[in-house]
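Structure at a glance
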Amino acid sequence: MIMPTQVQAYRSPKVTIIGAGNVGGTLAHRIAEANLADVVLCDIVQGKPQGIALDLKQACAIAKFDRQIIGTNDYADTKNSDVIVLTAGLPRKEGMSRNDLLKINAAIVKDVVPKAIAHSPNAILIVVTNPLDVMTYLAWQVSELPTHRVIGMAGVLDAARFQTFIAMELGISSADINAIVLGGHGDLMVPLPRFSTVNSVPITELMEISAIDRIVERTRNGGAEIVKLMQNGSAYFAPSAAAFTMVEAILSDRHRIFSAAAYLAGEYNLKDIFMGVPVKIGRQGMEKVIELQLTSTELSALHSSAKSILENINLL
Ligand code: APR
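Now for a description of the structure that goes with this document. (Residues numbered from 1 in each chain as written. Predicted model: local features only at pLDDT ≥ 70, side-chain atom pairs only at ≥ 80, totals over all residues. Heavy atoms only, no water.)

The next thing to look at is the overall build of the protein chain. The number of helices and strands found in the protein chain is nine helices and 14 strands. Rg of the C-alpha trace for the protein chain: 20 Å, near the compact-globule value of 20 Å for 316 residues, within the 12% margin. C-alpha extents for the protein chain along the principal axes are approximately 70 × 50 × 40 Å. Counting the 316 residues in the protein chain, one finds 52% classified as buried. A sequence separation of at least 24 residues applies to 69% of the contacts in the protein chain between residues at least 6 apart. If you sum the accessible surface of the protein chain, you get close to 14800 Å²; carbon and sulfur atoms cover 52% of it. Of the side chains in the protein chain, 28 bear a positive and 30 a negative charge, and the two mean positions are spaced by 4 Å. (Helix = DSSP H or I, 4+ residues; strand = E, 2+ residues; numbered from the N terminus. Rg over C-alpha atoms; globule rule 2.2 N^0.38 Å. Buried < 20%, exposed > 50% of the residue type's maximum accessible area, 1.4 Å probe, protein only. Contact = heavy atoms within 4.5 Å. Areas by Shrake-Rupley, 256 points an atom, 1.4 Å probe, with all protein chains shown as cover. Lys, Arg positive; Asp, Glu negative; His and termini not counted. Charge placed at Lys NZ, Arg CZ, Asp CG, Glu CD.)

What follows is the structure, encoded as structure tokens:
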């Protein structure tokens, strides 16, 4: 007699988002709408994550997606998450630098990360909270996870800003542009025009140096420009889209290559720091740091950015 094959019950991947604010809420929406994973939104404010989860469930009914969405204040509900995305913390207000947020958000990271990891010891942790590179370092320390399982979200966002400004300058689709931005997620980030291309043609072949310099500067201030325009809050559509790209690369084990804040153990002559570099991302987290051959000017800009991150790590 032929026995029917035992089919294991399908277990949807589970993503916990800590912080049900603008970035967290829009990220939950993207994940659910892509049918990528069940989502748990966890926030300190009573009712807020529950309300957003209910709103998202009702959006599911219209858009016909059917992942579970839970809003909670209890970390027990986050247990066995495959990916945890940390968006809890204050966003910037006008005139504030990301570093002004350091003390306030450091206290939040120290509080929430151990609680989340206690319930999901095998998760990959993606950090979005600013100041990004310093908070990623702190999250790694308090999580006690191996370095490859902690990754900061910034490179995809900074590259998207660079791509957008190149597209606007050239009057072309941003879909045809690939850009690389290294370094910290701050004013000293290092957009790399040499490695940024329009359908494989470096932008250095297509634009005057003065235009490139202008765009590089606008990219460095890309977040602040939006904070100034919004007056009360900071960017969230592009940050959540960037975080989604990372979550998807992990859950789908795609081995994608893009910039993210990764732990450096000697790469680019930098040690004991999380900073934006090109990495390979898959189900294990950060699988490899890719070392580009940089010019001395590019390397020195990268080291200036690293110096500023290390100074802030020392303030923790
Ligand atoms: N535990 C859980 N959630 C918290 C905690 C905490 N200890 N402290 C704050 N939060 C929640 C807030 O209640 C709020 O819902 O974090 C959420 C932050 O949401 P927003 O204020 O809307 O901020 P957002 O724009 O989403 O930015 C979040 O990402 O891009 C970065 O600079 C940004 O650090 C900021 C973070």
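Size it by volume and the largest pocket reaches roughly 770 Å³. Here the lining of the largest pocket is built from residues that sort into 19 nonpolar, 15 polar and seven charged. Within this model, the second largest pocket holds a volume of roughly 510 Å³. The wall of the second largest pocket is formed by 22 residues, among which Ala 159, Gln 163, Asn 178, Ala 179 and Phe 258 lie closest to the centre. Counting only elements with at least two residues in the lining of the second largest pocket, the list comes to α5 (155–170), β7 (177–178), α8 (237–251) and β12 (256–265). Among the elements that take part in the lining of the second largest pocket, α5 stands out by supplying six residues, more than any other. (1 Å grid on protein atoms, 1.4 Å probe; cavity = no way out; pocket = protein on both sides within 12 Å on 5 of 7 lines; lining within 4 Å. Points joined across faces, edges and corners; volume = space filled by probe spheres on them. Nonpolar A, V, L, I, M, F, W, Y, C, P; charged D, E, K, R; others polar.)

On to the site of the ligand. Taken together, 21 residues lie around the ligand, and Asn 22, Val 23, Asp 43, Lys 48 and Asn 130 are the ones closest in. Residue Gly 89 places a main-chain N or O atom 3.4 Å away from an oxygen atom belonging to the ligand. About the coverage of the ligand: the protein hides 88% of its 730 Å² of free accessible area. No other element matches the four residues that helix α3 (residues 102–119) contributes to the shell around the ligand. Partitioned by chemical class, the residues of the shell around the ligand number ten nonpolar, eight polar and three charged. (Near = heavy atom within 4 Å. Polar contact = N/O pair within 3.5 Å; in protein donor to acceptor, adjacent residues only side chain to side chain.)

We now examine the packing of aromatic side chains. Tallying each qualifying case throughout the model produces six aromatic pairs. Arranged with centres 5.4 Å apart and planes meeting at 70 degrees, the rings of Tyr 137 and Trp 140 form a pair that is edge-to-face. One end of the pair is Tyr 137 and the other is Trp 140, both in helix α4 (residues 132–143) and three residues apart, which spans about a single turn. For the pair Tyr 137 and Trp 140, one class covers both residues: buried. Seen from their ring centres, Tyr 137 and Phe 274 are 6.3 Å apart, and the 80 degrees between their planes marks the pair as edge-to-face. (Phe/Tyr/Trp six-rings, centres within 6.5 Å; stacked < 30°, edge-to-face > 60°.)

What follows is about the packing of helix α1 (residues 22–33) against α8. With their axes 9 Å apart at the nearest point, α1 and α8 run at an angle of 50 degrees to one another. Here α8 runs oblique to α1, going by the angle between their axes. In this structure, the crossing between α1 and α8 has a hand that is right-handed. Between α1, through Val 23, Thr 26, Leu 27, Arg 30 and Ile 31, and α8, the contact on the second element is made entirely by Phe 237, Pro 239, Ser 240, Ala 241, Ala 243, Phe 244 and Val 247. (Axes fitted to C-alpha atoms, helices over the stretch in contact; angles between N-to-C directions. Parallel < 35°, antiparallel > 145°, perpendicular 65-115°, else oblique. Left-handed = near helix turned anticlockwise from the far one by under 90°.)

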